[in-house]
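Understanding the architecture of this molecule
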Amino acid sequence: MIFQLFLKRIIDFGVALLGLVFLSPLFLILAILIKLDSPGPIFFRQLRNGIDNKPFYCYKFRSMAVNSDSDKKWATRNDTRVTKVGKFIRRTSIDELPQFYNVLFGKMSVVGPRP
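Described below are features of the structure shown in this document.

A word on the pairing of strand β1 (residues 43-49). Across 7 bridges, the pairing between β1 and strand β2 (residues 55-61) is antiparallel. Looking across to β2, one finds that R48 is bridged to F56. Following β1, the chain reverses through 5 residues before pairing antiparallel with β2; D52 in that reversal takes a positive phi of roughly 60°.

Here it is, written out as structure tokens:
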């Protein structure tokens, strides 16, 4: 059991590290596009519960205009808060790529139960 958990962590770490390294040019392009599309931060952070119900911040590319409802109200179809770049990155799930950061530091896993 301990060996399996260790192996899973090694795989998670390796996949996250490779993902962050190889996707870094895409991250840079997306950061520029997000900044050009609307004012505000590049990343959106959302408080989630992790292993043993410990809270952690999950990072995503920001796909909505900055608003006070983002932690309370989920996006709906044709939501006016979603930016032009946000529509594309949501449709392609590219907004989820910064979660490799969470995987790298052991807050999430690439495979298995969430988080």
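The discussion continues.
Contact geometry of helix α2 (residues 24-37) with helix α3 (residues 84-91) gives a least axis separation of 8 Å together with a crossing angle of 140°. On the side of α2, the interface is formed by L30, L33, I34 and D37, while α3 contributes K84, V85, G86 and I89. Class assignment for the residues of the contact of α2 with α3 results in 5 nonpolar, 1 polar and 2 charged.

Attention now moves to the environment of R90. Here R90 is to be found in helix α3. Remark: the alpha-carbon pair of R90 and F61, spanning 29 residues in sequence, is separated by 9.3 Å.

Moving on, we come to the packing of helix α1 (residues 2-22) against α2. The interhelical angle for the contact between α1 and α2, taken along N-to-C directions, is 55°, at an axis separation of 4 Å. What the angle tells us is that α1 and α2 run oblique. Residues L20, V21 and F22 of α1 form the contact with α2, whose own contacting residues are S24, P25 and F27. Split into classes, the residues belonging to the contact of α1 with α2 amount to 5 nonpolar, 1 polar and no charged.

The next subject is the environment of P55. Tracing the sequence through the fold places P55 in strand β2. Note on P55: relative accessible area 55%, which makes it exposed. Put simply, P55 and K107 are 52 residues apart on the chain and 9.2 Å apart in space, counted from C-alpha to C-alpha. Discounting chain neighbours no more than four positions away, the residues touching P55 are L47, R48 and N49.

Rules and cut-offs
Residues numbered from 1 in each chain as written. Predicted model: local features only at pLDDT ≥ 70, side-chain atom pairs only at ≥ 80, totals over all residues. Heavy atoms only, no water. Pairing = 2+ DSSP bridges. Helix = DSSP H or I, 4+ residues; strand = E, 2+ residues; numbered from the N terminus. Axes fitted to C-alpha atoms, helices over the stretch in contact; angles between N-to-C directions. Contact = heavy atoms within 4.5 Å. Nonpolar A, V, L, I, M, F, W, Y, C, P; charged D, E, K, R; others polar. Parallel < 35°, antiparallel > 145°, perpendicular 65-115°, else oblique. Buried < 20%, exposed > 50% of the residue type's maximum accessible area, 1.4 Å probe, protein only.

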